[in-house]
Amino acid sequence: MPLSNLRERPRCASLFEAAQRGRALNAPACAAFLLLLEAGETANAERAKCLARYHLSQGGFNVLLLLSNLGGQGSTPAELAEAAEVSRATMTGLLDTLEKEGIIARELRMHDRRAVGVLVTPHGNSVLEAVLPDYLRCIARLMQPLGDEETRTFISLLEKIEAAPGEIPAADAV
């Protein structure tokens with residue numbers, strides 16, 4: 001995308017102009033970063049629309065997938081919070097919502113009456129069976145503009161960014 005188009009995007013313009021005033025502007029890197037953020041926001045919005053059709057948030061969907069992958073054995077809220085990389089308070093809110101929707105059930109564990117187990121209900125399994133194909137179609141639709149080789153290159157580039165965030169140089173080192 002030409003940098004002139006980037007300047008026309010109101011949300012990017014301020015950051016881009018600030019970067020241009022800096023001593024060490026790497027305009028292509030700035031443009032790539034801003035476009036990456038916008039692409040991520042677009043993907044998140046599409047994903048949220050898909051899940052909203054099933055009255056699920058992304059967090060709720062993640063919990064449902066985690067529980068489904070346990071093959072009916074269930075888990076504790078603390079284990080789910082750790083696996084989902086969210087706080088216990090956030091997990092409690094997610095579980096409350098899923099329980100109200102009838103997607104999960106909480107039950108006392110027989111071996112330790114203080115421990116609560118979380119299980120997917122039959123309704124939750126039905127929701128997952130319905131949402132998963134739609135969710136995967138949504139992902140495929142978002143990635144459809146890329147061919148197979150472009151997708152492999154894109155994955156490789158994202159892995160490279162993810163693996164090496166590095167330290168941000170001090171202002172006087174730039």
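Our subject is the structure listed above.
Scoring rules and cut-offs
Residues numbered from 1 in each chain as written. Predicted model: local features only at pLDDT ≥ 70, side-chain atom pairs only at ≥ 80, totals over all residues. Heavy atoms only, no water. Helix = DSSP H or I, 4+ residues; strand = E, 2+ residues; numbered from the N terminus. Buried < 20%, exposed > 50% of the residue type's maximum accessible area, 1.4 Å probe, protein only. Contact = heavy atoms within 4.5 Å. Areas by Shrake-Rupley, 256 points an atom, 1.4 Å probe, with all protein chains shown as cover. Core = buried A, V, L, I, M, F, W, Y, C linked by side-chain atoms within 4.5 Å. Phe/Tyr/Trp six-rings, centres within 6.5 Å; stacked < 30°, edge-to-face > 60°. Salt bridge = Lys/Arg side-chain N within 4 Å of Asp/Glu carboxyl O. Patch = residues over 30% accessible without salt bridge, like charges linked within 9 Å, V, L, I, M, F, W, Y side chains within 5 Å. 1 Å grid on protein atoms, 1.4 Å probe; cavity = no way out; pocket = protein on both sides within 12 Å on 5 of 7 lines; lining within 4 Å. Points joined across faces, edges and corners; volume = space filled by probe spheres on them. Nonpolar A, V, L, I, M, F, W, Y, C, P; charged D, E, K, R; others polar.

Student: I'm lost on the overall build of the chain in this one. Help?
Tutor: A tally of regular secondary structure across the chain gives eight helices and two strands. In sequence order, the secondary structure elements of the chain are arranged as α-α-α-α-α-α-β-β-α-α. Across the 174 residues in the chain, those meeting the buried criterion constitute 22%. Intrachain contacts of the chain at a sequence separation of at least 6 include 50% that bridge at least 24 residues. Surface accessibility of the chain: about 11,800 Å² in total, with carbon and sulfur atoms responsible for 57%.

Student: Any chance you could explain the nonpolar core here in plain terms?
Tutor: What tends to happen in soluble globular proteins is that the nonpolar side chains get buried as a cluster. Counting residues in each nonpolar core, the largest one holds 21 residues, and the members touching the most others are Leu 56 and Val 63. Those elements that place two or more of their residues in this core are α3 (27-52), α4 (58-69), α5 (77-84), α6 (88-100) and α7 (122-143). Considering every element that reaches this core, the biggest residue donor is α7, with five residues. Those residues in contact with Leu 56 that lie beyond four places of it in its chain are Leu 51, Phe 61, Leu 64, Leu 98, Ile 103, Val 127 and Val 131.

Student: Explain the packing of aromatic side chains to me, please; I cannot follow it from the model alone.
Tutor: Under the criterion given, the structure shown has one aromatic pair. Ring centres of Phe 61 and Tyr 135 lie 4.4 Å apart, and the angle between their planes is 40 degrees; this geometry places the pair in the tilted category. With Phe 61 in helix α4 and Tyr 135 in helix α7, this residue pair connects regions lying 74 residues apart in the sequence. Neither Phe 61 nor Tyr 135 differs from the other in exposure class; each is buried.

Student: Even after reading the chapter, I still don't get the pattern of salt bridges, so can you show me in this structure?
Tutor: Oppositely charged side chains may form a pair once their charged atoms are brought near each other. Throughout the structure, instances matching the rule amount to six salt bridges. In this structure, the salt-bridge partner of Arg 106 is Asp 96, at a minimum N-O distance of 2.9 Å. Here Arg 106, found in strand β1 (residues 104-109), pairs with Asp 96, found in helix α6; they are 10 residues apart in sequence, far enough to count as distant. With its nearest N and O atoms 2.8 Å apart, the salt bridge here joins Arg 106 to Glu 99. According to the relative accessible area criterion, Arg 106 is partly exposed, its value standing at 26%. According to the relative accessible area criterion, Glu 99 is partly exposed, its value standing at 32%. In this structure, a network of salt bridges that share partners links the residues Arg 53, Asp 134 and Arg 137.

Student: How should a nonpolar patch on the surface be read in this particular structure?
Tutor: A cluster of nonpolar side chains, Leu 36, Leu 136, Ile 139, Leu 142, Met 143, Phe 154, Leu 158 and Ile 161, forms an exposed patch at the surface whose accessible area comes to about 620 Å². Broken down by secondary-structure element, the contributors of at least two residues to the nonpolar patch are α7 and α8 (148-163). For the nonpolar patch, the element with the most residues is α7, which contributes four residues. With respect to the helices and strands, Leu 36 occurs in helix α3. A relative accessible area of 34% places Leu 36 in the partly exposed class.

Student: Would you take a moment to explain the layout of surface pockets for this structure?
Tutor: The gaps of empty space that remain are located by a probe, the size of a water molecule, rolled over the atoms. Looking at the largest pocket, its volume works out to about 550 Å³. Contributing to the lining of the largest pocket are 18 residues, with Ala 39, Ala 43, Leu 142, Met 143 and Phe 154 lying nearest its centre. Breaking the lining of the largest pocket down by element, the ones donating at least two residues are α3, α7 and α8. Ranked by residues supplied to the lining of the largest pocket, first place goes to α3 with seven residues. For the lining of the largest pocket, the per-class residue count stands at 12 nonpolar, four polar and two charged. In this model, the second largest pocket occupies a volume close to 220 Å³. Lining the second largest pocket are Ala 29, Ala 32, Phe 33, Leu 35, Leu 36, Leu 157, Leu 158 and Ile 161. At the level of elements, α3 and α8 are the ones that each hand at least two residues to the lining of the second largest pocket. For the lining of the second largest pocket, the element with the highest residue contribution is α3, accounting for five residues. Taken together, the residues of the lining of the second largest pocket break down into eight nonpolar, no polar and no charged.

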